[in-house]
Amino acid sequence: MPSKTYIPEHYAPLLNLYDTQKAISLLRRVFEDTLCGNLHLRRVSAPLFVEAASGLNDDLNGVERPVSFDIPAAGRDAQVVHSLAKWKRMALYHYHFPVGEGLVTEMNAIRRDEIPDNLHSIYVDQWDWEKVIAPRDRNVEYLKATVQSIVDAMADTQKTLQSVFPQLCVLPQLSRNVSFVTSQELEDAFPGRTAKEREDAWVKDHPTTFLLGIGAPLKSGQPHDGRAPDYDDWTLNGDILLWDSVLGRTIELSSMGIRVDPAALDRQLTAAGCDDRRELTFHKMLLEGELPLTIGGGIGQSRLSMLLLGKAHIGEVQVSTWDDETIETCRDAGIILL
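**Quick word on the packing of aromatic side chains**
No. 1: Enumeration according to the criterion identifies 4 aromatic pairs in this entry.
No. 2: Taken together, a centroid distance of 4.7 Å and an interplanar angle of 50° make the contact between Phe31 and Trp127 tilted. One end of the pair, Phe31, is in helix α1 (residues 17-39); the other, Trp127, is in strand β6 (residues 123-132), with 96 residues separating them in the sequence.
No. 3: We classify Trp127 as buried; its relative accessible area is 0%.
No. 4: Taking 6.1 Å as the distance between ring centres and 65° as the angle between the ring planes, the aromatic pair formed by Phe180 and Phe210 counts as edge-to-face. With a gap of 30 residues between them, Phe180 in strand β7 (residues 179-182) and Phe210 in strand β8 (residues 208-212) connect regions that are remote in the sequence.
No. 5: Judged by its relative accessible area of 27%, Phe180 falls in the partly exposed class.
No. 6: For Arg42, the ring lying beneath its charged end belongs to Phe97, and the centroid distance is 4.2 Å.
No. 7: Looking at Lys144, its charged tip hangs above the ring of Phe180, at a distance of 5.1 Å from the centre.

Right, dumping it as C-alpha cells:
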C-alpha cells in the first residue's frame, strides 16, 4: 500500500545531512541522561527478539503481525519485538529493583504492517523505560507527575540542542505547561470527528498535551485508540502529544501508563476477548501477583528528533525502507531519505 506523504510548501531542512547526524547523536545522549535523572532509571540491554511462546511480545492493537522465524539450534520459534512493554516488567522482576527505581533501554523493532507516512516507518526506534512503583502510586496524580518529568526532559534537551545548533532557534519552544484531558472529554468536545481530528483540534491550542484513558470503549462505543489488554491499565494510561509546527499537526511522542495489576489484567483480558493468554508464563505470573507494580512507556527517538530538529519526514532522521511514492515525493521536495 503506498504511503501518505505530505511535504509542506517551501519546506527546507534547518540542518544539512551530516549536521543532522551530529544533532541526533547529541539529542539522544542528552535526553537519555536527563530522563534517567528525572525518573531514577538505570540503563540495561534489551532483546531484538523474544520467544513466541513466552507471551512477552507487545500485541499493540492486536492485529499487527510480528516478524517470526524459527531457531533450528534451539528448537523454538522467535518473534522480532514490536515493543518491550511486557519484557521490561519481567526484567524488573529479575533485577529486583526497589520501589522508585527503574530501567531504560533502546528498543529497535520491525512493525511490518505499519503504513509509512511522515511519522510512521516499519522500523521503530524508541527509549523503552519501566519503573517499580508502590500500590499507593497507582493513581492519576502519580501518572501526571511522571508525564511532567518526561516533558521537562524534552524541553531541557531542546534548550541544549539550540545552544549548540543556533539554526534551530527558529523553532517554537516546547511548552512545559501540560494540558491534561481525557479521551472522553475530547469526544464530548468534538462530536462527529475522528480520533485524530479531535487530537489536532485540541493540541493546536494546547501544544503540550497528555491524553488520558486509552483502550476502553467511550460513550460512542468505540475506544479512542486500541491498546493491548495486558500492559497498560486503560484507566491510568495515555499519550504525550505535541504540536508539530512544521507539519501543522499533532505528533505523538509517547504512549505510556501505569501497568495492569492482577485485577485490571483479569478485567481487561475478558473485555478484549483474550482469556486464552491467561495460560502464558507472563500472564500467569502477573495474575498471581509475582511481578512488581510498574509504570512505563516508550518514547520515540526518531519522532523526538523530527520535532526538535524541525524535520518534515521521519526518513530524514532514520534509515528505513520506503515505497516509490514516498521516495519520489521527498526527492521532488529536495529531501534526502536516509
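Once you've had a look at it, read on.
**As for the nonpolar core**
No. 1: Of all hydrophobic cores here, the largest spans 56 residues; its most connected members are Trp129, Ile150, Leu161 and Met256.
No. 2: Looking at this core, the elements that each hand over two or more residues are α1, β6, α3 (140-164), β8, β9 (232-244), β10 (249-259), β11 (294-300) and α8 (301-309).
No. 3: Once residues within four sequence positions are removed from consideration, Ile150 is found in contact with Phe31, Leu35, Leu39, Trp129, Ile240, Met256 and Ile299.
No. 4: Counting residues in hydrophobic clusters, the runner-up holds 24 residues, among them Trp87, Leu103, Met107 and Val124.

**Description of a negative patch on the surface**
No. 1: Together, Asp324, Glu325, Glu328 and Asp332 line one region of the surface with negative charge.
No. 2: Tracing the sequence through the fold places Glu328 in helix α9 (residues 324-332).
No. 3: For Glu328, a relative accessible area of 45% corresponds to the partly exposed category.

**Notes on the sheet that holds β11**
No. 1: Here 8 strands make up an open sheet; going across it, the order is β1-β5-β6-β11-β10-β9-β8-β7 and the pairing mixed. Strands with a single pairing partner mark the edges of an open sheet, and in this sheet they are β1 (41-43) and β7. Going from strand to strand, the sheet's axes swing by 25° on average, the running direction of each strand aside.
No. 2: Where β9 meets β10, 9 bridges bridge the pair, whose relative direction is antiparallel. Bridged to Gly238 within β10 is Met256.
No. 3: Of the strands in this sheet, β7, β8, β9 and β10 touch helix α5 (residues 195-203), which is tilted by about 60° from β9.

**Comments concerning the environment of Ile71**
No. 1: Mapped onto the elements, Ile71 comes out in strand β3 (residues 68-71).
No. 2: The partly exposed category is assigned to Ile71, whose relative accessible area is 27%.
No. 3: Sequence-wise, Ile71 and Arg138 are 67 residues apart; in three dimensions their C-alpha atoms are separated by 40 Å.
No. 4: Ile71 has contacts with Phe49, Arg76 and Ala78, leaving out every residue within four places of it along the chain.

**Observations concerning the pairing of β7**
No. 1: Because side chains alternate across β7, one face comprises the buried residues Ser179 and Val181, and the other comprises Phe180 and Thr182, none of which is buried.
No. 2: For β7 and β8, the ladder comprises 4 bridges, and the chain directions are parallel. Note on β8: the bridge partner recorded for Phe180 is Phe210.

Reading the values: rules and limits
Residues numbered from 1 in each chain as written. Predicted model: local features only at pLDDT ≥ 70, side-chain atom pairs only at ≥ 80, totals over all residues. Heavy atoms only, no water. Phe/Tyr/Trp six-rings, centres within 6.5 Å; stacked < 30°, edge-to-face > 60°. Helix = DSSP H or I, 4+ residues; strand = E, 2+ residues; numbered from the N terminus. Buried < 20%, exposed > 50% of the residue type's maximum accessible area, 1.4 Å probe, protein only. Lys NZ or Arg CZ within 6 Å of the ring centre and 35° of its normal. Core = buried A, V, L, I, M, F, W, Y, C linked by side-chain atoms within 4.5 Å. Contact = heavy atoms within 4.5 Å. Patch = residues over 30% accessible without salt bridge, like charges linked within 9 Å, V, L, I, M, F, W, Y side chains within 5 Å. Areas by Shrake-Rupley, 256 points an atom, 1.4 Å probe, with all protein chains shown as cover. Salt bridge = Lys/Arg side-chain N within 4 Å of Asp/Glu carboxyl O. Lys, Arg positive; Asp, Glu negative; His and termini not counted. Charge placed at Lys NZ, Arg CZ, Asp CG, Glu CD. Pairing = 2+ DSSP bridges. Axes fitted to C-alpha atoms, helices over the stretch in contact; angles between N-to-C directions.

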